[in-house]
Amino acid sequence: MTTEELEKLLAQQPVALLHRLARGRVHRHFRAGKRRLIELLLQRSSQNRAGLESDLQALIGERHSRSESGSSRIHRPPAIVHKKAPPRGAEPDSVETAVSLSAWLEGLGVPSPQPFVPDPWQSEALSALSETDVVISVPTGSGKTYVAVEAARRAMEDNRSVIYTSPLKALSNTKYTEFSRIFGPDKVGILTGDRQENGQAPLLIMTTEILRNLLYDAASGEIDVRLDTLGLVILDESQYLADPERGVVWEETIIFCPGQARLLLLSASIGNPQDIADWLTSIRSTVCRLVRHSKRTVPLRAGYLHPNGKLTPLFRTLGIPYGHPSQLHPEAKRLFLEYEEETLPAGRPRR
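Residues numbered from 1 in each chain as written. Predicted model: local features only at pLDDT ≥ 70, side-chain atom pairs only at ≥ 80, totals over all residues. Heavy atoms only, no water.

Help me out: how do you make sense of the confidence of the model for the protein in this one?
It should be kept in mind that the predicted coordinates are not to be read in detail where pLDDT is low. Across the protein, the average pLDDT comes to 83, with 84% of residues at 70 or higher. Long-range and interchain partners of residues 73-94, a stretch whose pLDDT sits below 50, account for 14 contacts in this model, where long-range means more than four residues apart. (pLDDT = per-residue confidence, 0-100. Contact = heavy atoms within 4.5 Å.)

Okay, here's the thing in structure tokens:
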């Protein structure tokens, strides 16, 4: 059989059969699409083409036998299958017991009320902000908003004004509602492309683009808000600095921000927060302190929702093994194969 004939025969098979053929031959084969899986099978079996062809024919025959058995309803004795020793380099099967759906869902809901105690990184950030600019890089759900609220409260108690920015008008509206409830509507205003309310309030919510434009106006002598009393600028979602199209807005806002105002950058976990802190230190009159925290307060749970509505844990454990194929939950694996059998016609390579 030539390579072209073998490739064509592989393309005619369902992806579930190819995954069975790839066991012990292709590492992490569940992560590959059909076309890529065929390429890997041909590459990894170049030294043992005969073995690949033999196993392929056996799987095809087994599939046909099962199909004929199902259509004719004729009872046949089960075939004797000799268990093969795993090839060298094959991934060992996990010995962990698959977690059930009920165990996966256990503990979800509203937690019982407990006295609030700031995390050490929150106290560190607030303490550092009294002397330096601060970059906070922590996982989502860790409590960045607490630092923003407490920092704003302290600045206003010192008769300094505060500007809070977000990249989205919708998020700005949400924060306007939240901060108005915390500080009172008379102390909070909002400036976005759609809303301009209470523009002289000590705490102003706006999008980052609006603040950048205000700083441009201040540089040209035109300004409609006071910047001389500005004591704190909070840039939420500051990971937008890395956005190829919008990142320049965050850069210009930081560059033109008044020197007397402290900068507080809030960000989800990013790869190079120290580089950002170093850059702020190089262009600002004060040093910038990095506050970093890596533990996820709200753990993630990975699940798989099949189009038929069935929900199952994605992995065998409640942890996150980052997609290791041997850690896939058996039911999730079965649903994967079922979905591909239903949606991928034989002989039609995936694009």
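Back to the write-up after that little detour.
I would appreciate a short explanation of helix α12 (residues 330-343) in the present structure.
One turn of an α-helix holds 3.6 residues; hence residues three or four places apart share an orientation. Between its first and last C-alpha atoms α12 spans 20 Å; for 14 residues at 1.5 Å apiece the expected length is 20 Å, and the two agree. When α12 is considered as a whole, its buried residues turn out to be Glu331, Ala332, Leu335 and Glu340. Each buried residue of α12 sits inside an arc of 170° when the element is viewed along its axis, so together they form one side. Packing partners of the buried residues in α12 comprise α2 (15-22), β9 (303-305) and β10 (311-313). (Helix = DSSP H or I, 4+ residues; strand = E, 2+ residues; numbered from the N terminus. Expected span 1.5 Å × (residues − 1). Buried < 20%, exposed > 50% of the residue type's maximum accessible area, 1.4 Å probe, protein only. Arc of directions from axis to C-beta.)

Which parts of the structure should I look at to understand a nonpolar patch on the surface?
Where nonpolar side chains cluster on the molecular surface, the patch consists of Leu101, Leu105, Leu108, Leu305 and Leu311 and spans about 430 Å² of accessible area. Looking at where Leu108 falls in the secondary structure, it is placed in the loop between α5 (101-105) and α6 (120-129). (Patch = residues over 30% accessible without salt bridge, like charges linked within 9 Å, V, L, I, M, F, W, Y side chains within 5 Å. Areas by Shrake-Rupley, 256 points an atom, 1.4 Å probe, with all protein chains shown as cover. Salt bridge = Lys/Arg side-chain N within 4 Å of Asp/Glu carboxyl O.)

Which parts of the structure should I look at to understand the nonpolar core?
Nonpolar side chains in soluble globular proteins generally cluster together in the buried interior. Membership of the largest hydrophobic core comes to 29 residues, with the highest contact counts inside it found for Ile136, Leu203 and Leu264. Sort the elements by how many residues they give to this core and helix α7 (residues 144-157) lands first, with 7 residues. Ignoring any residue separated from it by four or fewer positions in sequence, one finds Ile136 in contact with Trp121, Ala125, Lys144, Val147, Leu264, Leu265, Leu266, Ser267 and Val291. Counting residues in hydrophobic clusters, the runner-up holds 27 residues, among them Leu265, Ile270, Ile276 and Cys288. (Core = buried A, V, L, I, M, F, W, Y, C linked by side-chain atoms within 4.5 Å.)

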